[in-house]
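# Chain and residue survey
What follows is the residue order along each chain.
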Amino acid sequence: MKTILLATAATFVLSSSAFAEGLLGGLGGSAQVEYSVENSTFSMEAGPDLSMGSVMISPRVYSSIDSNQTIGFDGVGVEAVYGINRNMSVYGAVQANGDIEYEDAQVGVRFNF
């Protein structure tokens, strides 16, 4: 009985790993930090990027640090991008503020030259 359970568990783990490698092969991450000279604040955003064929989904967390070194949670957002070809993509994005209340949505087209 133990052998059957161990074999089943090993099969599940190995097949899950192979599945995850195929599914999560497009998983990456990105972050951005910038300093505002006029406001004396650092703004940061970070999150994973999941690529599935021509579609990329990028959830983000936004935060800031002011001159008093107070860390603030500024909100969250998610962007979905569909690559039409090498030079053009369409996107949609939604943001929520620090209280996780809807703030804004955008749709647009990007061109690369």
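The present account deals with the structure reproduced in this document. These figures come from a predicted structure and were not determined experimentally. (Residues numbered from 1 in each chain as written. Predicted model: local features only at pLDDT ≥ 70, side-chain atom pairs only at ≥ 80, totals over all residues. Heavy atoms only, no water.)

What follows concerns the packing of aromatic side chains. Summed over the entire model, instances satisfying the criterion amount to 1 aromatic pair. Taking the centre distance of 4.9 Å and the plane angle of 55° together, the rings of Y35 and F42 count as tilted. Since its relative accessible area comes to 45%, Y35 is described here as partly exposed. Accessibility expressed as a relative area gives 38% for F42, which makes it partly exposed. (Phe/Tyr/Trp six-rings, centres within 6.5 Å; stacked < 30°, edge-to-face > 60°. Buried < 20%, exposed > 50% of the residue type's maximum accessible area, 1.4 Å probe, protein only.)

Summarising the sheet, strand β3 (residues 55-65) and strand β4 (residues 71-85) pair through 11 bridges and their orientation is antiparallel. Bridge pairing in β4 links S63 to F73. As paired elements, β4 and strand β5 (residues 88-97) share 10 bridges and run antiparallel to each other. Bridge assignment links A80 to a residue of β5, and that residue is G92. (Pairing = 2+ DSSP bridges. Helix = DSSP H or I, 4+ residues; strand = E, 2+ residues; numbered from the N terminus.)

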